[in-house]
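Descriptive analysis of the structure
Residue strings, one per chain:
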Amino acid sequence: MNSSMILSIITFVYGLAGFLYIFAWVFKKPAVGQLATWIALIGWVGNTAGILMRWVESYQMGIGHAPFSNLYESLVFFAWTIALIYLVIERKADNRVIGAFTMPIAFLAMAYAALRTGITNEIQPLIPALKSNWLIAHVITCFIGYAAFATAFGISAMYLIKQGRDEEQIGWLDFAKPLTLFIFMLLFSRVLLANNWVMSAIIALPICLVFYIGVFLARRMPEDLKKRLLAMFPEPVILDELGYQMTLFGFLFLSIGIISGAVWANSAWGRYWGWDPKETWSLVTWFIYATMLHARLMRGWRGKRIAYLSLVGFAAVLFTYFGVNLLPGLHSYGALGQ
Amino acid sequence: MRSDGIASDLSALARLWKLFASVNLTIVLLLTLATTSIIGTLIPQNEAPAAYFETFGAVLYRTFSLLGFFDLYHSWWFRALILMLVANIVVCSIDRLQSTWKIIFVRHPRFNLARYRQLKNRADSIHDSDAEQLKALYQPVIARRFRYHRTEETAEGFAIYGERGRWTRLGVYIVHFSVVLLLIGGLIGSILGFEGYVNIPEGESAQSIQLSNSNQKLQLGFEVRCDDFNVDFYDTGAPKEFRSSLTIFKQGKAVMQKDIIVNDPLRYEGISFFQSSYGPMPPNEAILNFTSKATGMIYSKRAILNTPLFIAEDLGTFVLQKYTRQANFRGHNIGEAFVGLLTPLNGSAVEVMLPLKFPSFDRMRKGNVFIAVADYIPRYYTGLQVSKDPGIWVVYAGFILMIVGIYITFFMSHQQVCIDVARQGEKSRIMVAGTSNKNKLEMQKKVIKLSERLIGITADD
């Protein structure tokens, strides 16, 4: 029994937890929800064990280092953080529907790590640039930030679903939405799934189609069913506030992550900022969330606008995380094929 | 007329101030910086013009070049955007600090009982004890939770006010100040510091470095010698460690010695040397085997570049002249080779080629002595990144302030509570109300918790 095996099993445990959260929500079965919580908790404990075992195994191999050094390890830690943050939120907000929107993200991260070709789950020795005490601080803070933004993304999506179509409509968005969705999905599949643009478009189109079929069906859902499904969501005010709290949390950790990276860069390369694509994209992400915080605190933005900004912010997070591998630069440690 | 001019000058200044004091400008600037920064990640920066020309074609090349897209982050307009953002931050902060200052630095905070009684965030309950009794019980509870507290008599009983975290309203100014520090630190670095690189072959030293952003060299004022360079590999073939042994000489005297690896630079007189790259150098010595045609004896000798060797049996003198990566023999590339000059005792000198891949190559010459390379020591140069940044401590101070400031701004708040106790016969009616400038949901929970705590208190506690 080695760490890779445990982590493959955890993928299924997270998947099961996510499925049960959705099931408990759709069929209104609180007992199943409780089961989901236990399974998510077991998954998280197993995830922790997997990470620790991997750490120990690397020492047994004589190349001991913290398990935060390549794409596989970062995805495993990303899932771990999402699960942890979600479990804390579940306790605080006392609502399990959020699990239906966040645990699947943890599952997808693990499944992607396991299935995507080019991601190896082998324990690799550290290259000289990564041999630094800053590795742990930098990776952990960045990924806590990313995971908090992922959770904020899930909560913002819930907010938008809960609000549905109401007076707070932003006219031009109706035209822009499908196009934006397609462009984001195209980028998403190009970065994560396919190696060329044609393939990406072939993947992106059905995703958009499924999304709009879902929206179409949701709008034609019987009123009482719709009401029942939405009634289990937390109140919009709570969702708005929770999403905001998660964003704050993410913003603090993204800031620490960028700063620890800068200090590290200064001790490794002799400069704290070099406009390397990864650095730049993390700054772009920081700018987007800084915009959101200013708009909210100083301009009183609430609700949908903030939720949309949160979606855009998470897209920037994903691009910082994965997309930068498509661009030239120094920061290729987390890239595919490594 | 004149006064009119001054007035309009003033109003222009006032308008400019107003523009920079606006948060809308902040939002526009942040989003503009975000989008324009992306361009620089899509177009590789600072490459040769010819490469750009080939990729983009004439028209786009000229457009991009004009817009500064090839060195975007140092273009005048990008710098102007950053400068505007910092100006925006400074003006906004000054503009708002005045009113915040007045809130923070009051000697006697005022509490308005009527306002608390109207607050939504309020918990009412009834306690069995008498109001006077409760006063003594409640005061320490509030004193423990709130740094500032005060008890006032009211018509029906008393009110205790508690307050804390007034100063946390300064958090946002700390964050804004940290951004200004980053800019100042960056400016100090770019004016007083430098960035460059130097390649030093093993055993040799350098007194100057090549600057990165210009063609100029910079004299260090001391000498750096690379005593040794080593590269280790894992079994997988991935690099494990790059290590350079460096010695610093000041006026001919060794003053410092250190082995540097990636992530562990050498620092001397504010200048840092980072292990950055390495590469092969032409070897300057080899072990050569001289085989005498007459006797068949093999003489093994160490040959050093440009140093004459006398071959035994009076076979002549040999000078190792150079090493080439790609030697050419009658139009054929025969790979790496040493080239030397053999001067027989009596006779004219001949050039001898000693390709590493073909050890018996020299037999073809059919001379009195046949020479072959038995071994040679590979030599490396170490590539060092050299930088000096006197602004780094200002930047680091900015980093620390930014983290501390963000924490204060978003995770701490200015909280006030009021406990209003009124006699109601034998019993007391207790109202707990609270406000905070941030995180109001959390404050609601706090008020409920505090109310529960106060109800639970009895004289026995």
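Residues numbered from 1 in each chain as written. Chains lettered and ligands numbered in written order. Predicted model: local features only at pLDDT ≥ 70, side-chain atom pairs only at ≥ 80, totals over all residues.

Considering the overall build of chain A
When helices and strands are counted, chain A shows 11 helices and 0 strands. Seen in sequence order, chain A has helices and strands lined up from the N terminus as α-α-α-α-α-α-α-α-α-α-α. Radius of gyration (C-alpha) of chain A: 20 Å, near the 20 Å computed for a compact globule of 338 residues. Overall size of chain A, expressed as C-alpha extent along the three principal axes, is 60 × 45 × 40 Å. Contacts in chain A between residues at least 24 apart in sequence constitute 79% of all its contacts with a sequence separation of at least 6. (Helix = DSSP H or I, 4+ residues; strand = E, 2+ residues; numbered from the N terminus. Rg over C-alpha atoms; globule rule 2.2 N^0.38 Å. Contact = placed C-beta atoms within 7 Å.)

What about the domain arrangement of chain A?
Residue and element names in this part refer to chain A. The domain boundaries assigned to chain A delineate domain 1 (1–126) and domain 2 (133–338). Each of domain 1 and domain 2 was reduced to a C-alpha centroid, and the two centroids are 20 Å apart. In this assembly, 26 residues from domain 1 lie in contact with 29 residues from domain 2. Of all the secondary-structure elements, those providing two or more residues to the side of domain 1 that touches domain 2 are α1 (3–26), α3 (71–93) and α4 (97–115). It is α3 that provides the largest number of residues to the side of domain 1 that touches domain 2, a total of 10 residues. (Domains from an automatic or database assignment.)

Examining the pairing of strand β18 (residues 379–388) of chain B
Residue and element names in this part refer to chain B. Counting buried residues in β18 gives 7 out of 10 residues, a clear majority hidden from the surface. Examined bridge by bridge, strand β4 (residues 194–201) and β18 share 8 bridges and lie antiparallel to one another. For Val198, the partnering residue across the bridge sits in β18 and is Leu384. By the bridge criterion, 10 bridges tie strand β10 (residues 271–281) to β18 in an arrangement that is antiparallel. Along β18, the bridge assignment pairs Gly279 with Tyr381. (Buried ≥ 20, exposed ≤ 12 C-beta atoms within 10 Å, placed from the backbone. Pairing = 2+ DSSP bridges.)

Thoughts on the domain arrangement of chain B
You can read the domains of chain B as domain 1 (2–98), domain 2 (113–165 + 413–456), domain 3 (189–281 + 381–389) and domain 4 (285–378). Taking only C-alpha atoms into account, the centre of domain 3 of chain B sits 35 Å from that of domain 4 of chain B.

A closer look at the sheet that holds strand β19 (residues 415–424) of chain B
All names here are of chain B. Spatially, 5 strands are ordered β1-β20-β19-β3-β2 in an open sheet, and the strand pairing comes out antiparallel. Looking at the sheet topology across the chains shown, the edges are occupied by β1 (122–127) and β2 (148–153). Each adjacent strand pair in this sheet contributes to an overall mean axis angle of 15°, direction not counted. Two elements, strand β3 (residues 157–164) and β19, share 8 bridges in a ladder whose sense is antiparallel. Directly across from Tyr161, in β19, lies its bridge partner Cys418. The strands that helix α6 (residues 131–145) touches are β1, β2, β3, β19 and β20 (427–436); relative to β3, the one it contacts most, it runs at about 0°. Helix-sheet contacts for helix α9 (residues 440–456) involve β1, β19 and β20, and the interaxial angle to β20 is about 160°. (Axes fitted to C-alpha atoms, helices over the stretch in contact; angles between N-to-C directions.)

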